[in-house]
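# Tertiary structure, described
Read off the chains here:
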Amino acid sequence: MLEKFKKIASQAALKYINNNDIVGIGTGTTIKYFINMLSNFKKKINGFVSTSITSTNELKKYNFNIYNSNEVDIINIYFDSADEINNNMEMIKGGGAALTNEKIISSIADKFICIVDQSKHVNILGKTHPLPIEIIPMAKSYVTKELSKLGGLLKYRKGIITEHGNIILDIYNLEITEPVKLEKYINSIAGVVTVGLFTNRRADIIITGNYDYTVSTIKNIKL
Ligand code: 5RP
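In this text, all values refer to a predicted model and were calculated from it rather than measured experimentally. (Residues numbered from 1 in each chain as written. Predicted model: local features only at pLDDT ≥ 70, side-chain atom pairs only at ≥ 80, totals over all residues. Heavy atoms only, no water.)

## Here's the deal with the sheet that holds strand β8 (residues 131-135)
- Reading across the sheet, the 4 strands line up as β9-β10-β8-β11 and stay open at both edges, with antiparallel pairing between neighbours. Each edge of the open sheet carries a strand with a single partner, namely β9 (153-156) and β11 (192-195). When strand polarity is set aside, the average angle formed by the axes of neighbouring strands in this sheet is 25°.
- The sheet strands contacting helix α4 (residues 99-108) are β8, β10 (167-172) and β11, and the helix crosses β11 at an angle near 70°. (Pairing = 2+ DSSP bridges. Helix = DSSP H or I, 4+ residues; strand = E, 2+ residues; numbered from the N terminus. Axes fitted to C-alpha atoms, helices over the stretch in contact; angles between N-to-C directions. Contact = heavy atoms within 4.5 Å.)

## Details of the packing of helix α1 (residues 3-13) against helix α2 (residues 29-37)
- With their axes 9 Å apart at the nearest point, α1 and α2 run at an angle of 50° to one another. Between α1 and α2, the crossing angle belongs to the class labelled oblique. Relative to α2, the crossing made by α1 is right-handed. On α2, the residues that touch E3, K6, K7, S10, Q11 and A13 of α1 are T29, T30, Y33, F34 and M37.
- Of the residues contributing to the contact of α1 with α2, the split by class is 4 nonpolar, 4 polar and 3 charged. (Parallel < 35°, antiparallel > 145°, perpendicular 65-115°, else oblique. Left-handed = near helix turned anticlockwise from the far one by under 90°. Nonpolar A, V, L, I, M, F, W, Y, C, P; charged D, E, K, R; others polar.)

## Re the pairing of strand β4 (residues 77-80)
- Along β4, one buried face is formed by I77 and F79 and the opposite face, lined by Y78 and D80, is buried too.
- Bridge analysis of strand β1 (residues 22-25) against β4 gives 3 bridges, and the strand direction is parallel. Counted as the bridge partner of G24 is Y78 from β4. (Buried < 20%, exposed > 50% of the residue type's maximum accessible area, 1.4 Å probe, protein only.)

## So, the environment of F198
- Tracing the backbone shows F198 in strand β12 (residues 197-198).
- For the pair F198 and P179, spaced 19 residues apart in the sequence, the C-alpha separation amounts to 8.5 Å.
- Residue contacts for F198: discarding those within four places in its chain leaves M89, E90, M91, K93, L99, E102, K103, S106, F112 and E183.

## As for the domain arrangement of the protein chain
- What the domain assignment reports for the protein chain is domain 1 (2-122 + 199-219) and domain 2 (131-196).
- Each partner contributes to the interface: domain 1 provides 19 residues, whereas domain 2 provides 19 residues.
- When domain 1 packs against domain 2, the two sides together hide about 1,300 Å² of surface, and 52% of this comes from carbon and sulfur.
- The tally of links from domain 1 across to domain 2 stands at 1 salt bridge.
- Close ionic contact of K103 with E183 constitutes a salt bridge, the shortest N to O distance being 2.6 Å.
- In this structure, the connection of domain 1 to domain 2 is made through 11 residue pairs in polar contact (both at pLDDT 80 or more).
- Elements with a minimum of two residues in the side of domain 1 that touches domain 2: β6 (91-92) and α4.
- Here the element with the most residues in the side of domain 1 that touches domain 2 is α4; it accounts for 4 residues.
- Per-class residue counts for the side of domain 1 that touches domain 2 are 5 nonpolar, 10 polar and 4 charged. (Domains from an automatic or database assignment. Buried area = accessible area lost by both parts, 1.4 Å probe. Salt bridge = Lys/Arg side-chain N within 4 Å of Asp/Glu carboxyl O. Polar contact = N/O pair within 3.5 Å; in protein donor to acceptor, adjacent residues only side chain to side chain.)

The following block contains the structure:
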C-alpha cells in the first residue's frame, strides 16, 4: 500500500545527484526502490558508500563502484529513509538494524536527503514506532536497567545480530518530547553503540510521497 508513495518520492530524489558525486546510501525498502531507479540514471556517479551488506548487494547488481567510508575524503550526498520524522527534521531510524552505519555515513555526508512516504511524518517521535538502540552484548543487563528508567516497553529484537556483532533493543511507547537531550543521554550510557535518534545529524531535505500521489519537498538548506 505505501510502496507506491515510497516509489514516487524516490523518483523525485534522483535529481539531487550531481555528476561525479560520491553518494552515501541507506538501507530499507525505500532505498531499494531508489537504487533500482539508478539503473537507468543518465548522470555519471563516481561511486557509493553503503550502510549495509543488503544495499551493497543491490548496488553491485548495477556494477557501481563501492567505496568504504575510510577511503573517501568526502561523501557529497546521502540518501536514506526513516521510520519517523518530525517537523524539526529529526528522525527515528534503525528499523532495518543498520542505524550505526547510517549514523556514521550520514554524519560524513555534506547533505542528507530523507525519502519517505506520508505515514512517516509525526508530531512527536516515538509514539508509533519503537526507538532502536544497538548495544554491545556484554552490556545487555546494565543498559537494560538504565534504559528501563525511561519508561516504555523494552523488547530485544529476536534473531538480529548487527553487522558489528551487537544486539538491538527496541523501546516502544515513548513520547520523545526532548529528542536532542534523549539522544545525548542514551549515547552516554556505557555499552550503547548507537541510538536510532537522529537529532544531531538531521535531514537537510525531506522528500515525501503523499497519499494523493503528489510529492512535497521540505528544505533546510539551499541546493
Ligand atoms: C533502516 C532504516 C530505514 O530507513 C527505515 O527503517 C525505513 O525503512 P523503509 O524504507 O523500509 O520504510 O532506518 O535501518
